[in-house]
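Overview (structure and organization)
Below are the chains, spelled out letter by letter.
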Amino acid sequence: MRTAEHAARPARPGGRDLALALLLMLGTASILGLAQRDQGVMRDEATYFQAAESYSGWFADLGQNYRRGETARSFSPASIGRYFRTNSEHPALFKLLMGLSWRQLYSHPNPRGPRFHPVPHDQTMKGLGWLTSEISAFRLPGWLFTGLCVALLYLFGLRIEGRLTGITAALLYITIPRVFFHGQLACFDSAVSTMWLLTVYAYFRSLEHARWGVYAGLIFGLALATKHNAWFIPALLLLHYLMVVWSDVSLRPFHPPRIPLVFLAMALLGPLVFLLHWPWLWFDTVNHLKGYFAFHLHHSYYNIEYLGRNWGPPPLPISYPFGMTLFTVPITLLGLCLAGLWLYGRTPLLSWLSRFLSVRPPPYDSPFRYPARRSWIRPGKGLDPLVGRLLLINAVFPLALIALPSTPIFGGTKHWLSAYPFIALLAGVALSRLYRAVMLRARRSAVDEGSAAAPAPPRSRILVGLALVLLPVAPGAISTFLTHPFGLSQYSAVAGGPAGGADLGLNRQYWGYAVRNILPWIDRTMKHSANVYFHDTNFDSYGAYVRDGLLRPDIRYAGMERPAIIASDYAMVDQELHFNKYDYWIWDAYGTTTPIRVLTLDGVPLLSVYRRPEPARQASDPR
Amino acid sequence: MSSDDFSIDVDEAPLELEGESAIQQRIQRAGVESGPTPPDPDGQPPRRPRLPLVLLALVMLLAAVEVGATLVQHARVPSDADWNAAARKVRAERKPGEPVLFAPHWVAPLGRLHLGDQLPMELQLLSDVDRYPRVFEVSIRGARHPWLEGQRATSSWQLGGVRVALYQRPTPAQVRFDFTHNVRQAQVTRIGRDVVHCPFRATDSRFACDPARGWNWVGSYLAEVNHQPYRCIFVNPVDGHVMRITFPAVVLGGSLVGYTGIDDFENRKRSKEPVLLKTLVGPRQVGAIQHQNDWPWHRFTIDTHELAGQTHPVSFEVTATRAYARSFCFSAETRK
């Protein structure tokens, strides 16, 4: 097995690799697209649907104004504000793509639910009709982003280590159950993971190639335009860059690290792309930027169950992101990731330990020879790119950020999803080095047995290769399959599965999406014009179901909180720890504790539905 | 293009999992190309490193175990038939008024779905099961209800994935007077600079102290404390006032046992202030408890041994330094 972080040098992908990457991307997007048909609409998603439709309305308005020769009207603060005020705490790129997909690919017009449109809906509008579901049309960019991440993992893995690294990293990533879950959605988390990886990839290439410095600036801008997580990326890359050039830096004679093109491009092009893509920032820019940053710097504290306790305001448990990663990511993948870290880190670690202990570091085996031929546009040329440290920094930082006791926990694993591509790459490195070591041993055996230096038999190579790809991928793939479409209730075998997760006191529900699974039952059983308390399912999600024909339009949305329960005919509760009180409010209002339906995953209750008995008892509201 | 081109700086790599050339290079670096590994000095066959095979086996084993565990965890789920069998067993064995506890706590919605028709609501709002000679437990995954910890089931039935157990207790607590159940017998006053008598309002069964402040009432309530349901007497303290609930004629026993809590996790987040509950028999204070915000449903016991068998007025006084979001609730009973 290789001995040092720098033992491998980049290989270039050929045409067939690019074809395979494209296949991975489209295959992933297709599977996600098929899977999401059963997937409920998250609270946040429904908000983004509304924003996407609103933003796309601005373009429709722009087209009309252009035809009338009044283009400038669309660029007035009033017009931009009207369409882009919605969800202005998040940048617009992803929602613009959602709106584009919805407007172009969905078969308009939709006769159902005109009351749910955020801006006046042009009933004459016609899309290509490739998609018959509005929800799917809004989600399509999310599948493509996730597919792009898988493809990129293949190419990145190929460049840093080899083809097996790439293919295993790609498959290990998409079969992380929570990654697959978020990959289906019209939310930013999977997309920003892709953009994070793409920015790191561009930076990595920029160490030796000038044009990638410029690309990195543009890509970073698009990452900023996807989600605010991206603001952290330059600091991490700068840290890595300083490590790469450290050996080339001295005080006497004075050789400070140069500011390379890639960081200049990120500093200039990044904010420029961010500013240009978002019409909301084209006027009253300072105030709108203030509002954007303030929202995230002072984010409210949500409720989340972790180890049997409902957490809200700080201090929050430092172990949360690490514990949740342990309980949701397949342990095989985590073990391989640690092995990858060891392979990259053992030389410096053992060298350092050898000062104090009688340990012997592996022999130094670097292909990099000085003097380095670097310049400000190729800042890493001839230097060891320290791939292991690049992967480590990006794998650890997103978790470490959430681990800070003052960082709000507002959603769970999705907030450090951007770490998982790097975890998958580290695992891929471990697997491919293991493969090479096994093949090397087989070759030695063949030589010892006199069969000269012929390659190992193809069948055994293929078998070992297949086993090394498929078996480590299997735990995640099976867990994903068994827990679909309730990905937020998934827990790995280490936690004991969904039931083990419930025993451990981990969140079982979030975002009010489970109701999607009982919509056919609601349509079949509930009386006409039933007034339903949908609990955590927000009005926009309800509207999306009606618009898509998944819910009878006569079913009414009762509203929120206790008054809605008291007014309702049916009431449901998403089974999160802090939501237990809604159960009790329903008991009090309906005079019964017996649900008529309990939705479960592996025997774990996710959603309870109650029907008001006749006659009902008076409720006692304390306030 | 030869396979040797794969590993370093090539334009077009051959489409194979790992470059044969990389392995070839490693062999060459290890000197294998010069011929077979020489035998050991003692004449034994050459030893090849086993570590790669051991690691390969470990990876395969880990993945296989994880897959197996995932499938087993998925398969070991109690079926509807198991739950229905458990419901039938409880129906056959249980007498009316006997409580049924579910374990683990998260399975309760399923328990109520299948057994709810047998269980009045009040039996699911208990603070404890001390008064019951027979208690049923319906559980899965080997869980035990915390109220039954340390006790041994008299009988148990394993019905597929669901276990029904009966616990018989030889010396259940004998309740003399249940304050929560008899809250309508109380007289409620709000004491500040002046004393306000809070009239009982039949429309919503509560003592309303101030029509202008909808939260200032006393009465029976279903509270959420530590995410569990309890039947209790609701009383929100009032800044600068004492909320007094007096029961004019209470038969006392050896002890007065009660529980305190602050309703609703949102209110427990909004304020951290404690709430003080004093207990008086006649004019004499016999107990006080300062309920802290982060406490669960908290049990207190007051020794009333010397008053056992006597009838006295019993009062509860509730105060808080700052009453905002202090939706206090308590239950109490006298026991023999």
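Below, the structure is looked at part by part. (Residues numbered from 1 in each chain as written. Chains lettered and ligands numbered in written order. Predicted model: local features only at pLDDT ≥ 70, side-chain atom pairs only at ≥ 80, totals over all residues. Heavy atoms only, no water.)

Observations regarding the packing of helix α2 (residues 43–67) of chain A against helix α21 (residues 539–547) of chain A
Helix-helix packing: each pair is described by the crossing angle between the helix axes and the interaxial distance. Residues and elements named next belong to chain A. Convention followed: Between N-to-C directions, angles cover 0 to 180 degrees, with each direction set by a line fitted to C-alpha atoms, over the stretch in contact for helices. Helical segments are the DSSP runs of H or I of at least four residues, strand segments are the runs of E of at least two, and each set is numbered from the N terminus. Any angle that falls under 35 degrees is termed roughly parallel, while one over 145 is termed roughly antiparallel, one within 65 to 115 roughly perpendicular, and all others oblique. Note on convention: near helix rotated counterclockwise from far helix by under a right angle means a left-handed crossing. Clockwise means right-handed. Contacts are residue-level and defined by heavy atoms, with any inter-residue pair within 4.5 Å sufficient. Only Asp, Glu, Lys and Arg are considered charged, only Ala, Val, Leu, Ile, Met, Phe, Trp, Tyr, Cys and Pro nonpolar, and every remaining residue, Gly among them, polar.
Closest axis-to-axis distance for the α2/α21 pair is 8 Å, and the angle between their directions is 70 degrees. With respect to α21, the axis of α2 lies roughly perpendicular. Here α2 runs over α21; the crossing is left-handed. Contacts from R43, A46, T47, F49, Q50 and E53 in α2 reach D540, S541, A544 and R547 in α21. A class-by-class count of the residues in the contact of α2 with α21 yields 3 nonpolar, 3 polar and 4 charged.

Some points on the state of the cysteines
Simply put, disulfide is the name for a covalent bond between the sulfur atoms of two cysteines. We count it as follows: Only a pair of cysteine sulfur atoms within 2.5 Å qualifies as a disulfide here. Using a 1.4 Å probe on the protein chains alone, a residue whose accessible area is under 20% of its type maximum counts as buried, one over 50% counts as exposed, and one in between counts as partly exposed.
Taken as a whole and judged by the stated rule, the model has 2 disulfides over all chains. Each disulfide pairs two cysteine sulfurs, and for C198 of chain B the partner residue is C209 of chain B, the sulfurs being separated by 2.1 Å. Residues C198 of chain B and C209 of chain B share a disulfide whose torsion about the S-S bond is about 105 degrees; that sign makes it right-handed. Here the residue C198 of chain B occupies a position in strand β7 (residues 195–198), and C209 of chain B occupies one in the loop between β9 (206–208) and β10 (217–225), the gap between them amounting to 11 residues. By the burial criterion, C198 of chain B is buried, and C209 of chain B matches it. Disulfide partner of C232 of chain B: C329 of chain B, at an S-S distance of 2.0 Å. Here the S-S torsion is close to 90 degrees, and the disulfide linking C232 of chain B with C329 of chain B is therefore right-handed. One end of the pair, C232 of chain B, is in strand β11 (residues 228–235); the other, C329 of chain B, is in strand β18 (residues 328–335), with 97 residues separating them in the sequence. Overall, C232 of chain B belongs to the buried group, its relative accessible area being 0%. Assigning the bonded cysteines of chain B consecutive numbers by sequence position, one obtains the connectivity 1-2, 3-4. The thiol of C187 of chain A is not disulfide-bonded; the next cysteine sulfur, from C149 of chain A, is found 16 Å away. Here C187 of chain A falls in the buried class, since its relative accessible area comes to 3%.

Side note on unusual backbone geometry
Residues and elements named next belong to chain A. The omega torsion of the bond from P314 to P315 falls at 5 degrees, within 30 degrees of zero and hence cis. With respect to the helices, strands and loops of the structure, P315 is situated in the loop between β2 (309–311) and α14 (320–328). Between H484 and the following residue, P485, the backbone shows a cis peptide bond with an omega angle of 5 degrees. With respect to the element layout, P485 can be found in the loop between α18 (458–483) and α19 (497–504).

By themselves, these observations are geometric and do not establish any function.
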